[in-house]
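Fold and contact review
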Amino acid sequence: MKNLEKIVLTGLFAALGVVLSPFYIPTGLAKCFPIQSMLNVLAAVLLGPVYAVAIAFITSLIRVILGTGSFLAFPGSMIGAFVSALLYKHFRKLWSAYIGEFLGTGVLGAIAAYPVAAFLLSAKAAIFTYMIPFMVSSFVGSAISILLLEILVKTKILDKMNARNL
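What this report covers is the structure whose coordinates are included nearby. (Residues numbered from 1 in each chain as written. Predicted model: local features only at pLDDT ≥ 70, side-chain atom pairs only at ≥ 80, totals over all residues. Heavy atoms only, no water.)

Focus: the nonpolar core
F13, V45, L46, L47, L94 and L149 are the most contacted members of the largest nonpolar core, which has 26 residues in total. Those elements that place two or more of their residues in this core are α1 (2-19), α2 (34-46), α3 (49-66), α4 (73-91), α5 (94-120), α6 (131-154) and α7 (157-163). Broken down by element, this core gets its largest block of residues, nine residues, from α2. Residues within four places of V45 in sequence aside, it is in contact with Y88, L94, A97, L149 and L158. Among the nonpolar cores identified, the runner-up in size contains eleven residues, and L72, V107, A113 and V116 belong to it. (Core = buried A, V, L, I, M, F, W, Y, C linked by side-chain atoms within 4.5 Å. Buried < 20%, exposed > 50% of the residue type's maximum accessible area, 1.4 Å probe, protein only. Helix = DSSP H or I, 4+ residues; strand = E, 2+ residues; numbered from the N terminus. Contact = heavy atoms within 4.5 Å.)

If you want it as structure tokens, here you go:
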């Protein structure tokens, strides 16, 4: 049953990411999407690395197909989700998920976006071109997730989910 619950949450998070995709910050070629960063942190804490990366991939893929995202969404969101989930899995502290999202998306994802922009999108960009927009997006998304996770902590819902090992 636990795996089924995780799969259901994965689908719900991906659907939420797609539905909320009109809310982005335009920055040239990139469409910075703080909702994805929020989802990355929530998935990192609630579901773990595999599901967090799956949500980022599914959301990015559907957004690209629908025209509400760019190919730059893949490296930023997937690396952010992975680093956030890994740090949370290691430290088991919420701050580690927030920092992981910021470093994963804002720094590593932004650097990884360079080859995508240069070769796939034929954009003339420097290697650090996407750092500030991705950092802003991951900071805003992490801030939203802080609010949501603090609500889950205060209402003891997070404890109940962790107790069930969801």
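Some thoughts on the packing of aromatic side chains
One pass over the full model with this rule turns up four aromatic pairs. Relative to W95, the ring of F91 lies with its centre 5.4 Å away and its plane at 40°, an arrangement referred to as tilted. Grouping aromatic residues by their ring pairs yields a cluster made of F57, F71 and F74. Of note, R63 hangs over the ring of F33, and the distance from its end group to the ring centre comes to 3.9 Å. (Phe/Tyr/Trp six-rings, centres within 6.5 Å; stacked < 30°, edge-to-face > 60°. Lys NZ or Arg CZ within 6 Å of the ring centre and 35° of its normal.)

Side note on the packing of α2 against α5
It is the contact of α2 with α5, at a shortest axis distance of 10 Å, that shows an interaxial angle of 135°. With respect to α5, the element α2 is oriented oblique. Our pair here, α2 against α5, has a crossing hand that is right-handed. Side by side, α2 and α5 meet where S37, N40, V41 and V45 of the first sit next to L94, A97, Y98, E101 and T105 of the second. Residue classes in the contact of α2 with α5 are distributed as five nonpolar, three polar and one charged. (Axes fitted to C-alpha atoms, helices over the stretch in contact; angles between N-to-C directions. Parallel < 35°, antiparallel > 145°, perpendicular 65-115°, else oblique. Left-handed = near helix turned anticlockwise from the far one by under 90°. Nonpolar A, V, L, I, M, F, W, Y, C, P; charged D, E, K, R; others polar.)

Observations regarding the environment of A112
Relative to the helices and strands, A112 is located in helix α5. Judged by relative accessible area, which is 25%, A112 ranks as partly exposed. Expressed as a C-alpha distance, the spacing of A112 and I79, which sit 33 residues apart in the sequence, is 8.7 Å. When residues no more than four places from it in sequence are discounted, the contact partners of A112 are P75 and I79.

Details of a nonpolar patch on the surface
Taken together, the side chains of F57, I58, L61, I62, I65 and L66 make up a nonpolar region of the molecular surface, amounting to roughly 520 Å² of accessible area. Tracing the chain through its elements places I58 in helix α3. On the accessibility criterion, I58 (33% relative accessible area) is partly exposed. (Patch = residues over 30% accessible without salt bridge, like charges linked within 9 Å, V, L, I, M, F, W, Y side chains within 5 Å. Areas by Shrake-Rupley, 256 points an atom, 1.4 Å probe, with all protein chains shown as cover. Salt bridge = Lys/Arg side-chain N within 4 Å of Asp/Glu carboxyl O.)

A word on the packing of α1 against α2
Interhelical geometry of α1 versus α2 gives an angle of 175° and a closest axis separation of 11 Å. On the basis of the axis angle, α1 is roughly antiparallel to α2. Here F13, L16 and G17 of α1 lie close against α2, whose contacting residues are M38, L39, L42, A43 and L46. Of the residues that constitute the contact of α1 with α2, the class distribution is seven nonpolar, one polar and no charged.

Focus: α1
In this model, α1 (18 residues) spans 26 Å end to end at C-alpha, consistent with the 26 Å of a helix rising 1.5 Å per residue. Turning to α1, its buried residues are K6, L9, T10, F13, A14, G17 and V18. The inward-facing, buried residues of α1 contact α2, α3 and α7. (Expected span 1.5 Å × (residues − 1).)

Remember, this is a structural readout, not a statement about activity or role.
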